[in-house]
Amino acid sequence: MEQKTLDPAVQAAVDQYKALEEKLAHFLSISSLLEWDQKVTAPKKGRPIFAKAIGTFRTEEFKLSVSDEMGELLNTLSTPEVYANLDEITQAQIRERKEEYSRSKKIPADMYRDYVVLTARANDAWEEARETNNFSIFEPFLEKIVDYNRKVAGIFGYEHHPYDALLHQYEPGLSVAVLDPLFAKLRESSVALLERIKQSGSKPNVGIFEQSYDVEQQKKFNQYLLPLIGFDMNAGRLDETVHPFAQPMNTGDVRITTRYLKDNVRSAVFGTIHEAGHGIYEQNIDPRLEGTALSTGASFGIHESQSRFLENMVGRSEAFWHHFYPTLQQHFPEQLGQVSLTEFYRAINSVQPTMIRVEADELTYNLHIMIRYEIEKALIGGEIEVKDLPEIWNQKMQDYLGITPATDTEGVLQDVHWSFGGFGYFPSYSLGNLYAAQLLSTIVREKPDFYDQIQAGNFAGVQQWLKENIHRHGKLYTPEQLIKNVTGEDLKADYLVNYLEDKYSRIYNL
Ligand code: ZN
């Protein structure tokens, strides 16, 4: 990139700004490490005390991001004639920071403080409500959380729908107007496809998973698999937690976790591949973005596209298991020795409506998201009330999945997201699937031997493509720009709809 010569006063402001950004990146890196430690290694008794220390640390980090120094620098550097002369990376940094700065400044400090207390208490209430299967314990807290988010939407501002302002926090630039038709198409086609699958007389044999799989053998297999699919073990590690996650400290230290269940061999394998997808993304961000706020994924949806691409489009493909299945069989000769590749492939792709989102298959998963999206949008839009949620939830489950939860614990109370106020978050999961399918269509067009390479166990070419097109850019581009640059189009539902139709037609002989 051509380095432009800047006016000395501007150059001094740029230097000062970059030093401040680097300091913030260091703060973030350390707080990530603290969070990882809390979840993975810290002894139970020390956690609540340590959580307070993390809170103090994060407050300092936040103060720095909204400091007068930051405000003045952003002011100087975002004046049009100055901004126009900055390089692409500095421009993108300022775009991101300015947005975050102005949002943080808009929320009155006391309002935010009350909200932090509210969500902490709401989380306890949510847990108690789940334990006792009593939605009314959580209801008053959720009402206040919805009120707060509606107020925030008003403060942030929006053009058409208040939910747009909340969506924007996770998927910059996305709106209800764009999402509604995408999701409607996906929902309608998925409901219809699910119906045909239910009618099919050709069912995969999931009984092969209803056996005991030795945990030590599972660990060996996952540790064998992880580096082969592109995760750099010299720039990361794999640990165990109840809820798997990926946490980057920097591009050279990305930590992921998985969980091993004796009675569910699929959980660890696909959980590991999923988190590896997140991890590989972070490991391959351009080193030039290190020390800036751009050294992360483009958005929640794009991040999720990388994990879902690796988990589903790659990890649940026949080509993938053509390569890895013999090794899996060697690890579990008793359980899988007599099970053919085709039988195994069909079983890992079986479709079965379930009450619980995180246990859902590739097809019905999106229907779980549609339910949450429609409810959130209507709550924030003031069309429905919190007290009616259990009933609305159950009705939608029946309409889309054909099953009704017996309790609110396995229904409306199942996810943690609303207790921390994460309105606008859920759509990211299905967006990830939509982006992933659109990327698959592009990669197959550009690399017609894509699945042959996977079948040969060669992931280098695939990972190089993802690095070149997605990973290295970090947050340099908005999700909309990025997907258009790579695929040549705006996000469309057709790719995922066709992918699902094609895949399940073959598996279920439709
Ligand atoms: Zn994920």
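Predicted model only: the values in this text are computed from it and were never measured.

S.K.: Help me understand the overall build of the chain in this model?
M.R.: Looking only at helices and strands, the chain has 22 helices and three strands in total. By principal-axis analysis of the C-alpha atoms, the chain measures approximately 75 × 55 × 50 Å. In the chain, buried positions account for 55% of the 510 residues. Nonlocal contacts in the chain, meaning residues at least 24 apart in sequence, comprise 73% of its contacts between residues at least 6 apart.

S.K.: Explanation requested: helix H12 (residues 300–314) in the structure shown.
M.R.: Every α-helix carries 3.6 residues per turn, so stepping three or four residues along brings you back to the same face. An ideal rise of 1.5 Å per residue puts 21 Å on 15 residues; H12 measures up with 20 Å between its terminal C-alpha atoms. Counting buried positions along H12 gives 14 out of 15 residues, so the element sits mostly inside the fold. You can read the cap of H12 off the contacts: a side-chain oxygen lies 3.4 Å from the backbone nitrogen of Gly-301, and it is on Ser-299.

S.K.: Help me understand the coordination of the zinc ion, please; the structure alone is not making it clear to me.
M.R.: Metal coordination angles in their ideal form are 109.5 degrees for the four-donor tetrahedron and 90 or 180 degrees for the six-donor octahedron. Within the protein, His-274 (NE2), His-278 (NE2) and Glu-304 (OE) serve as the donor atoms for the zinc ion, at 2.1 to 2.4 Å. As a motif over one chain, the donors of the zinc ion read H-x3-H-x25-E. Placement of the pair is His-274 and His-278 together in helix H11 (residues 265–283), with a separation of four residues, close to one helical turn. Per residue, the accessibility class of His-274 equals that of His-278, and both read buried.

S.K.: What's the story with the sheet that holds strand S2 (residues 246–250) in this structure? I'm lost.
M.R.: Whenever strands of a sheet pair, they do so through backbone hydrogen bonds, lying parallel or antiparallel. Taken in spatial order, the three strands of this open sheet run S1-S3-S2, and their pairing is mixed. Both edges of this open sheet fall to strand S1 (236–240) and S2, since each of them pairs with a single strand only. Averaged over neighbouring strand pairs, the angle between their axes works out to 20 degrees when direction is ignored. The pairing of S1 with strand S3 (residues 253–258) spans five bridges and is classified as parallel. Bridging across to S3, Leu-238 finds its partner in Ile-256. Of the strands in this sheet, S1, S2 and S3 touch helix H1 (residues 8–40), which is tilted by about 145 degrees from S2. This element, H11, spans S1, S2 and S3 of the sheet and lies at about 165 degrees to S3.

S.K.: Which parts of the structure should I look at to understand the pattern of salt bridges?
M.R.: Any two side chains of opposite charge can pair, given that their charged atoms come close. Throughout the structure, instances matching the rule amount to 30 salt bridges. One salt bridge in this structure joins Lys-484 and Asp-490, with 3.8 Å as the shortest N-O distance. Linking Glu-489 and Lys-492 is a salt bridge whose minimum nitrogen-to-oxygen distance equals 3.0 Å. Classification of Glu-489 as partly exposed rests on a relative accessible area of 22%. Linked through salt bridges whose partners overlap, the residues forming this network are Arg-187, Glu-188, Glu-374 and Lys-396.

S.K.: I'm lost on the domain arrangement of the chain in this one. Help?
M.R.: For interface size, the figure often reported is the accessible area lost on association. On domain assignment, one finds that the chain holds domain 1 (8–105) and domain 2 (176–507). Between the C-alpha centres of domain 1 and domain 2 there is a distance of 30 Å. Every contact between the two is made by 17 residues of domain 1 and, on the other side, 20 residues of domain 2. Here domain 1 meets domain 2 over a buried area of about 1600 Å², counting both sides, of which 62% is carbon and sulfur. Together, Trp-36, Ile-89 and Arg-95 form the three largest contributors to the area buried by domain 1 at its contact with domain 2, with a combined 34%. On inspection of domain 1 and its partner domain 2, the count reaches one salt bridge. For Glu-96, the salt bridge identified is with Lys-475, shortest N-O distance 3.6 Å. On the surface where domain 1 and domain 2 come into contact, there are seven residue pairs in polar contact (both at pLDDT 80 or more). Looking at the side of domain 1 that touches domain 2, the elements that each hand over two or more residues are H1 and helix H5 (88–106).

S.K.: Would you mind showing me how to read a negative patch on the surface here?
M.R.: On the surface, Asp-124, Glu-127, Glu-128 and Glu-131 cluster together into a patch of negative charge. The residue Glu-128 is located in helix H6 (residues 109–132) in this model. Owing to a relative accessible area of 42%, Glu-128 belongs among the partly exposed residues under this scheme.

S.K.: Is there a simple way to explain the packing of helix H16 (residues 365–380) against helix H18 (residues 427–446) in this structure?
M.R.: Each packed pair of helices is defined by two parameters, the angle between the axes and the distance between the axes. Contact pair H16 / H18: the axes reach a minimum separation of 8 Å and the direction vectors enclose 135 degrees. By the angle between their directions, the pair H16 and H18 is classed as oblique. Remark: the crossing between H16 and H18 carries left-handed chirality. The segment H16 lies against H18, with Tyr-365, Asn-366, Ile-369, Met-370, Tyr-373 and Glu-376 engaging Pro-427, Tyr-429, Ser-430 and Asn-433. Of the residues in the contact of H16 with H18, the class split is six nonpolar, three polar and one charged.

How each quantity is defined
- Residues numbered from 1 in each chain as written.
- Predicted model: local features only at pLDDT ≥ 70, side-chain atom pairs only at ≥ 80, totals over all residues.
- Heavy atoms only, no water.
- Helix = DSSP H or I, 4+ residues; strand = E, 2+ residues; numbered from the N terminus.
- Buried < 20%, exposed > 50% of the residue type's maximum accessible area, 1.4 Å probe, protein only.
- Contact = heavy atoms within 4.5 Å.
- Expected span 1.5 Å × (residues − 1).
- Polar contact = N/O pair within 3.5 Å; in protein donor to acceptor, adjacent residues only side chain to side chain.
- Donors = N, O, S within 2.8 Å, 3.2 Å for Na, K, Ca; no water.
- Pairing = 2+ DSSP bridges.
- Axes fitted to C-alpha atoms, helices over the stretch in contact; angles between N-to-C directions.
- Salt bridge = Lys/Arg side-chain N within 4 Å of Asp/Glu carboxyl O.
- Domains from an automatic or database assignment.
- Buried area = accessible area lost by both parts, 1.4 Å probe.
- Patch = residues over 30% accessible without salt bridge, like charges linked within 9 Å, V, L, I, M, F, W, Y side chains within 5 Å.
- Areas by Shrake-Rupley, 256 points an atom, 1.4 Å probe, with all protein chains shown as cover.
- Lys, Arg positive; Asp, Glu negative; His and termini not counted.
- Charge placed at Lys NZ, Arg CZ, Asp CG, Glu CD.
- Parallel < 35°, antiparallel > 145°, perpendicular 65-115°, else oblique.
- Left-handed = near helix turned anticlockwise from the far one by under 90°.
- Nonpolar A, V, L, I, M, F, W, Y, C, P; charged D, E, K, R; others polar.

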